[in-house]
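# Summary of structural features
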Number of protein chains: 4
Amino acid sequence: MNETLRIGVIGAGRIGKLHANNLVNSVPGARVTAVSDVYEPAAKELAEKLGIPAWYTDHRKIIEDPDIDAVFICSSTDTHSPVSIEAARAGKHIFCEKPIDHDLAKIEKVLEEVNRAGVKYQVGFNRRFDRNFSRVQEVVKGGGVGDVHIVKVTSRDPAAPPISYVKASGGIFVDMTIHDFDMVRFLSGSEVEEVSAYGACLVDPAIGEAGDVDTCIITLRFKNGALGVIDNSRQAVYGYDQRVEVFGSKGMITADNETANNTTWYTAESVQKEKPLWFFLERYNEAFITEEKAFVKACLTDTDTPVGAFDGLQPVLIAIAAKKSYELGGAPVKVGGRA
Amino acid sequence: MNETLRIGVIGAGRIGKLHANNLVNSVPGARVTAVSDVYEPAAKELAEKLGIPAWYTDHRKIIEDPDIDAVFICSSTDTHSPVSIEAARAGKHIFCEKPIDHDLAKIEKVLEEVNRAGVKYQVGFNRRFDRNFSRVQEVVKGGGVGDVHIVKVTSRDPAAPPISYVKASGGIFVDMTIHDFDMVRFLSGSEVEEVSAYGACLVDPAIGEAGDVDTCIITLRFKNGALGVIDNSRQAVYGYDQRVEVFGSKGMITADNETANNTTWYTAESVQKEKPLWFFLERYNEAFITEEKAFVKACLTDTDTPVGAFDGLQPVLIAIAAKKSYELGGAPVKVGGRA
Amino acid sequence: MNETLRIGVIGAGRIGKLHANNLVNSVPGARVTAVSDVYEPAAKELAEKLGIPAWYTDHRKIIEDPDIDAVFICSSTDTHSPVSIEAARAGKHIFCEKPIDHDLAKIEKVLEEVNRAGVKYQVGFNRRFDRNFSRVQEVVKGGGVGDVHIVKVTSRDPAAPPISYVKASGGIFVDMTIHDFDMVRFLSGSEVEEVSAYGACLVDPAIGEAGDVDTCIITLRFKNGALGVIDNSRQAVYGYDQRVEVFGSKGMITADNETANNTTWYTAESVQKEKPLWFFLERYNEAFITEEKAFVKACLTDTDTPVGAFDGLQPVLIAIAAKKSYELGGAPVKVGGRA
Amino acid sequence: MNETLRIGVIGAGRIGKLHANNLVNSVPGARVTAVSDVYEPAAKELAEKLGIPAWYTDHRKIIEDPDIDAVFICSSTDTHSPVSIEAARAGKHIFCEKPIDHDLAKIEKVLEEVNRAGVKYQVGFNRRFDRNFSRVQEVVKGGGVGDVHIVKVTSRDPAAPPISYVKASGGIFVDMTIHDFDMVRFLSGSEVEEVSAYGACLVDPAIGEAGDVDTCIITLRFKNGALGVIDNSRQAVYGYDQRVEVFGSKGMITADNETANNTTWYTAESVQKEKPLWFFLERYNEAFITEEKAFVKACLTDTDTPVGAFDGLQPVLIAIAAKKSYELGGAPVKVGGRA
């Protein structure tokens, strides 16, 4: 096993900063040697803050650097697939933020190139590494609830994003629910065969005017016969609501939200517990570090990454089917056909 | 206000015994003066055990008794609507176990006769009187979660009924989910406009052979725009799983299961809480008494019953739509059209 | 087994009403045939409300009635021991509210007379019949926590009683903590050998002026070597706080408070659970019925009562030692010597 | 504010490794430039693993280094006070593991030298920085429970230490309870005036043979009139049990244990929650980092440390009184007199 993985971080925005910071401070075996961003001050500032030796505006400087082993693709979504292909051709291991692309043909091209190059590929489905959800999956996989009958995911953001973001997002199913589509695959251990999606615009009419919904419930039928349901909202005023439940022939396992602490405060007026942690940076802080460690370990030990390119493709297929079902007023749509 | 309501209990099976026992022991103002059952020993035994003065095999003895103010219809489902009509015509107040009927025309005939007679009518949707669910409804109604966006009901029986029961039940939607259809109306304060139902036979193949499913997820769209989801299973091995959640613009309220006690037991192997109470007799024991008190009070004070004949009709309409949706493979079906 | 226990209730104050009402409405096999109170309207009102055939101002009418099998002594504390003796001599089974007396000689006289008469005797330590505490005891007794090392009881009233009550109460240790002294014996399965008591007047200075304390912590050493601690307050503004914990060589079991329901309410401001039930009438409603049933059963089946006269004596001995320890500034005092 | 604090770590045992690792990886602004240990391989290994430039067997190399700003004293307890004095005289800021010493005269000498030198001094009471306990203190300090009446601390280790450790520990009160004595001062905001201690040897007779106890309950009286209680055990088989509760005139706040995740697993046999985290390395991992950050910040910004030398003295005084009380069979002993 090599001792150090030399990494270039492509994209110095919010998620790029997060990965770079974790890789430098919390991931033994990782060494970030370069960062790039089309906006030079962002790259420079991040490099200086973390003591990263090199920064560029052109990510190809990273791709072409023979002393770099792996890249983290944290640039805008439209660059994920082309940069993945460039990196694969250059023989770099790849950690790519989700989604790989909204276009199935482009994702499949990525899969093809990654397979040909024989490099590691990991997609940023960070929630799989949450201590609660990974425990649920472990128990389910170990037979702790028997055969899976029902999988339930509640996933609600604390506040709606700006309308500009909504417009560019590709819609709630591909932008937000995609994490939950990955989660139901992860928890059920089965592929999704068919979905039926109901949506509504209840949080903010501007979201509806932008052609999207802010509230939705998606029912799923798995290949192994189990059923599932996901409910989403763009605005849970009490904080980021991220819960799952798997029910089966021998029992059930549920995962509750995370809170800032475990205190209970009793007064003449009320008994108060802490609210759920506010959003993904708070809730999934440890999960991001765990996913980064997993990637670094897979690269250094030449083993499979825990979330491969195929896992990046499947949720996009489900999201496309869900969107179509929503457009059909909730009619069931099979997953996997081209849109 | 009259001080005592003289009641005849029609049907001395499981649910008739339960009501008679509660009315005698736990409902001030109620006096059970007669009981009937087509099987004489059942009527006689119940009467003797509870000190009820009269028992009959023919329920018309109760209907025709001028000293009886009200009846509890606890006989088999097919008798609910004709006996309701007889009792209404005789001027008796009526508590009728759910469902009024599976046939819409018969239910509407009951509504018509009840309205004409001006008697009180209450349908046995006992769960509305559960301390948890009634608190949820109270908070929602008081604006405690703002506008309702999502209503969720989990409702799972501890063990599947005998196949003979399944065959005569009318199917899971009208037999089991009907309680949940009532619950979502109660909690949301809105009518259901459309449903989409997924079903599967995962618990016992014999249920499938009987033409029914044992596992289902039903998505709902309410007239006020909110969305809802119900999940059912005929078999939760850990006990009767009865939970609800209402999410809205200003928050969320959830109700958890009831347990035999509030202890937590820590050992080297595990930390154990109590399991949910086993089934409806344990879980809804207090709720039955509360619903009976509400009926008696409505009769004695000449006020509206909390769950009227209209409330008996609506869940049947939803169940019919759900069944149709299931038969259509999950396609959305509007509620309210005749089947 | 006789089918019915004919009971006379002596004392129609708060606790007499409670027992009479439960015996009439909730305890099969019990028949209350008479009630007495020195204040005639109280006796009459209770008799009429519950349909009890006879009422008296003189409790001896009950004692002397050959058709009465058992008495519930619910009159003022100073009458508990003399009426117990009268009833025992008349061959009546006896349920006596706690404490039997504050004077050890009088308690021992009661034990003597009860033993001589061979009647059943049960002391009103209702908390043993609470579903939580009885489960804790059951697990401990079954070896579920191994050898007992530490027993903890938290017992706090929601609001301080009137000063007039405090003055006549005999002090917090004999009035309030006495329930907890019974509880630690019940849970540990061992007698208390020695206590050390700290007290303070923190809730209301008037309690201190009346010569009592309103806050105390009592440490206990059991005969089997285990240690224990009780903490009391006369005022927990959030409601009746009644929790226990037993820790041992193989684990721990804890019992939490009871609440009005199991809901959780999430808003932008807070996550709220229900407060503990307000006071003993709410919290121990079921426990009272359970203790009454146990007494009636012991009488009808000629078996031992679950809380005998000896169990009435021991907590008084501990309370006397605790009071002495408090007066000595917390110095340890052996239990069992005469004060 | 200086940007970097140059630190020498004295002692490369378990706790020295922990601090060095955190300072290197998780505390921005800290730079560990040297480490010492009397056992050279330990110092060398730690230095090499973390990339620390220098290692020594003689801690005076660190004390005398003009380029070092602060020291972490992590060597054996008997060295804490002399090394503190050497470091103070050399003008180094000092983080010292607890306890400063068991000998009051030596602690007071440290206080004197630290005051004279004007250096920062922080004692390693890590639990104050736990997210739960710091929240409790924050609420109490903000008046959230009103005047404090009762403070309760449960503190139990998962397994007893080796007998060799017990023999050298100074006894349970000064070795284990000392953390809890600090905690009650922290939570109550008041000094302890008097204690009464009960102890027993219930876990392992060998501990008793070594002249110590393994189970104890200590009652405390605070200067502000409040009461407190601590219970300790050397062996809680279900894991590290670390809970606190503060009760006052306006309410109560409690802090529960930490667990590996928030899942609940339901089966036909049981409902299981996760056990408490196993021991202090798991439970207080974040708390250690928070305390280190607080020390580094106090040094860099020239502000007071959150836990000063006086806070190091007080728990030792309480421990001495508790030990004396235990030896007197539980008689109350005033805190603060010399032993």
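None of the values given here were measured: they were computed from a predicted structure.

What counts as what
Residues numbered from 1 in each chain as written. Chains lettered and ligands numbered in written order. Predicted model: local features only at pLDDT ≥ 70, side-chain atom pairs only at ≥ 80, totals over all residues. Heavy atoms only, no water. Helix = DSSP H or I, 4+ residues; strand = E, 2+ residues; numbered from the N terminus. Rg over C-alpha atoms; globule rule 2.2 N^0.38 Å. Buried < 20%, exposed > 50% of the residue type's maximum accessible area, 1.4 Å probe, protein only. Contact = heavy atoms within 4.5 Å. Areas by Shrake-Rupley, 256 points an atom, 1.4 Å probe, with all protein chains shown as cover. Least-squares fit on C-alpha atoms with pLDDT ≥ 70 in both. Salt bridge = Lys/Arg side-chain N within 4 Å of Asp/Glu carboxyl O. Buried area = accessible area lost by both parts, 1.4 Å probe. Polar contact = N/O pair within 3.5 Å; in protein donor to acceptor, adjacent residues only side chain to side chain. Nonpolar A, V, L, I, M, F, W, Y, C, P; charged D, E, K, R; others polar. pLDDT = per-residue confidence, 0-100. Pairing = 2+ DSSP bridges. Axes fitted to C-alpha atoms, helices over the stretch in contact; angles between N-to-C directions. Parallel < 35°, antiparallel > 145°, perpendicular 65-115°, else oblique. Left-handed = near helix turned anticlockwise from the far one by under 90°. Arc of directions from axis to C-beta. Phe/Tyr/Trp six-rings, centres within 6.5 Å; stacked < 30°, edge-to-face > 60°.

Along its length, chain A carries 13 helices and 15 strands. For 339 residues, the compact-globule estimate of 2.2 N^0.38 gives 20 Å, and chain A sits close to it at 20 Å. Dimensions of chain A, computed from C-alpha atoms along their principal axes, come out at roughly 55 × 55 × 45 Å. The 339 residues of chain A split such that 62% are buried. Considering only residue pairs separated by 6 or more positions, chain A has 71% of its internal contacts joining residues 24 or more positions apart. Surface summary for chain A: the accessible area is close to 12,500 Å², and the carbon and sulfur share equals 49%.

Superposition record for chain A on chain B: RMSD 0.1 Å, screw rotation 180 degrees, translation along axis 0.0 Å. Overall, the copies show the geometry of a two-fold rotation axis. Among all C-alpha atoms of chain A, that of Ala331(A) lies closest to the rotation axis, at 2.4 Å. When you check the interface residues of chain A against chain B, 100% turn up at the interface there too, and the contact is symmetric in its surfaces.

Next up on the list: the pattern of salt bridges. Residue and element names in this part refer to chain A. Scanning the model with the defined rule gives 109 salt bridges over all chains in all. A salt bridge links Asp231 to Arg156, with the shortest nitrogen-to-oxygen separation between them at 2.8 Å. With Asp231 in strand E10 (residues 227–233) and Arg156 in strand E7 (residues 148–156), this pair connects stretches of sequence that are 75 residues apart. On the accessibility criterion, Asp231 (2% relative accessible area) is buried. Classification of Arg156 as buried rests on a relative accessible area of 0%.

Moving on: the interface of chain A and chain C. Of the residues lining the interface, 13 residues belong to chain A; the matching set on chain C comes to 13 residues. Between chain A and chain C lies a buried interface of about 1,100 Å² when both sides are counted; carbon and sulfur atoms form 63% of it. When the area that chain A buries against chain C is broken down by residue, the three leading residues are Tyr266(A), Val271(A) and Lys275(A), summing to 39%. Counting every contact that joins chain A to chain C gives 0 salt bridges. At the surface where chain A touches chain C, the tally comes to 4 residue pairs in polar contact (both at pLDDT 80 or more). Only strand E13 (263–267) and strand E14 (271–273) of chain A provide two or more residues apiece to the side of chain A that touches chain C. Considering only residue class, the side of chain A that touches chain C consists of 6 nonpolar, 3 polar and 4 charged.

If you look at the interface, chain A gives 43 residues, while chain B gives 43 residues. When chain A packs against chain B, close to 3,200 Å² is buried across both sides, 63% of that on carbon and sulfur atoms. By the criterion of area lost to chain B, the three top residues of chain A are Tyr198(A), Ile217(A) and Phe247(A), representing 20% of everything that side buries. Here chain A and chain B share 6 salt bridges between them. Here Glu245(B) ties to Arg156(A) by a salt bridge, and the two come within 2.7 Å at their closest N and O atoms.

Quick look at the confidence of the model for chain A now. Counting all residues, the mean pLDDT for chain A is 96, and 99% of those residues have values of 70 or more. The ipTM, which scores confidence in the relative placement of chains, is 0.95 for this predicted complex, and the corresponding pTM is 0.96.

Here the focus is the pairing of strand E7 (residues 148–156) of chain B. Residues and elements named next belong to chain B. For E7, a buried count of 9 out of 9 residues is recorded, marking the element as mostly surrounded by other parts of the structure. Two elements, E7 and strand E11 (residues 241–248), share 8 bridges in a ladder whose sense is antiparallel. Note on E11: the bridge partner recorded for Arg156 is Asp241. Inspection of the sheet shows E7 paired to strand E10 (residues 227–233) by 7 bridges, in the parallel sense. Residue Arg156 lies in a different strand from E10, and its bridge partner there is Ser233.

We now examine the packing of helix H1 (residues 14–26) of chain D against helix H2 (residues 40–50) of chain D. Residue and element names in this part refer to chain D. Relative orientation of the contacting elements H1 and H2 amounts to 20 degrees, with a least axis distance of 11 Å. Between H1 and H2, the interaxial angle falls into the category roughly parallel. Between H1 and H2 lies a crossing of right-handed hand. Along the contact surface, H1 presents Gly16, Lys17, Ala20, Asn21, Val24 and Asn25, while H2 presents Leu46, Lys49 and Leu50.

Attention shifts here to helix H2 (residues 40–50) of chain C. All names here are of chain C. The complete set of buried residues in H2 reads Ala42, Ala43, Leu46, Ala47 and Leu50. In an axial view of H2, the angular spread of the buried residues amounts to 125 degrees, which keeps them on one side of the axis. Exposed positions of H2 whose direction lies more than 90 degrees from the buried face are Glu45 and Lys49. On its buried side, H2 packs onto helix H1 (14–26), strand E2 (30–36) and strand E3 (54–56). Immediately downstream of H2, the backbone of Gly51 shows phi near 70 degrees, a positive value.

On to the sheet that holds strand E5 (residues 93–96) of chain A, then. Residue and element names in this part refer to chain A. As summarised here, the arrangement of the 6 strands in space is E3-E2-E1-E4-E5-E6, forming an open sheet in which the pairing is parallel. Across the chains shown, the open sheet's two edge strands, defined by having one partner strand only, are strand E3 (54–56) and strand E6 (121–123). The average undirected angle you get between the axes of adjacent strands in this sheet is 20 degrees. Packed onto the sheet, helix H4 (residues 77–89) meets strand E1 (5–10), strand E4 (70–73), E5 and E6 and runs at close to 165 degrees relative to E5.

Quick look at unusual backbone geometry now. A cis amide bond links Lys98(C) with the next residue in sequence, Pro99(C), at an omega value of -10 degrees. Mapping Pro99(C) onto the fold places it in the loop between strand E5 (93–96) and helix H5 (104–117). Of note, Asp302(B) is a non-glycine position whose phi angle comes to about 50 degrees, a positive value. Following the sequence through the fold, Asp302(B) ends up in the loop between helix H12 (285–301) and helix H13 (309–327). With relative accessibility at 60%, the residue Asp302(B) sits in the exposed group.

Residues and elements named next belong to chain D. The buried fraction of strand E8 (residues 192–200) amounts to 8 of the 9 residues, a majority that puts the element mostly inside the structure. Where E8 lies against strand E9 (residues 215–222), 8 bridges are found, and the strand directions are antiparallel. When the bridges of E9 are listed, Glu194 appears paired with Arg221. Strand direction decides the pairing type here: E8 and strand E15 (residues 333–334), joined by 2 bridges, are antiparallel. Paired with Glu194 across the strands is Lys334, a residue of E15.

As a further point, take the environment of Ala294(A). Residues and elements named next belong to chain A. Turning to its location among the elements, Ala294 is positioned in helix H12 (residues 285–301). Note: C-alpha distance between Ala294 and Pro306 (12 residues apart in sequence) is 7.2 Å. Excluding residues within four positions of it along the chain, Ala294 makes contact with Gln122, Phe129 and Pro306.

To continue, consider the packing of aromatic side chains. In total, this model carries 44 aromatic pairs over all chains according to the counting rule given. Summarising the aromatic geometry, the rings of Phe133(A) and Tyr284(A) are spaced 6.5 Å apart at their centres and angled 50 degrees between planes, so their arrangement reads as tilted. Taken as a pair, Phe133(A) in helix H6 (residues 131–141) and Tyr284(A) in the loop between helix H11 (280–283) and H12 lie far apart in primary sequence, 151 residues in all. Using a relative accessible area of 2% as the deciding quantity, one classes Phe133(A) as buried. A ring pair is formed by Phe72(B) and Phe295(B), whose centres lie 5.4 Å apart and whose planes are at 90 degrees; its orientation type is edge-to-face.

Examined against the element boundaries, Ile10(D) turns out to sit in strand E1 (residues 5–10). Residues contacting Ile10(D), with those up to four places away along its chain left out, are Ser36(D), His59(D), Ile62(D), Ile63(D), Val71(D), Phe72(D), Ile73(D), Cys74(D), Ser75(D) and Val83(D).

Right, let's talk about the environment of Lys323(D) for a bit. All names here are of chain D. Its place among the elements puts Lys323 in helix H13 (residues 309–327). Lys323 sits in the partly exposed class, given a relative accessible area of 38%. Between the alpha carbons of Lys323 and Ile218 there is a distance of 9.9 Å; along the sequence they are 105 residues apart. Among residues more than four places away in sequence, those in contact with Lys323 are Gly170 and Phe173.

Residues and elements named next belong to chain D. Read from one edge to the other, the open sheet built from 6 strands follows the order E3-E2-E1-E4-E5-E6, with strand pairing classed as parallel. Only two strands of the sheet have a single neighbouring strand rather than two, namely strand E3 (54–56) and strand E6 (121–123). Strand-to-strand twist in this sheet, taken as the mean axis angle between neighbours without regard to direction, amounts to 20 degrees. Here 4 bridges tie E1 to strand E4 (residues 70–73), and the two strands are oriented parallel to one another. Bridge pairing in E4 links Gly8 to Val71. Against the sheet, H2 contacts strand E2 (30–36) and E3, and its axis sits at roughly 170 degrees relative to E3.

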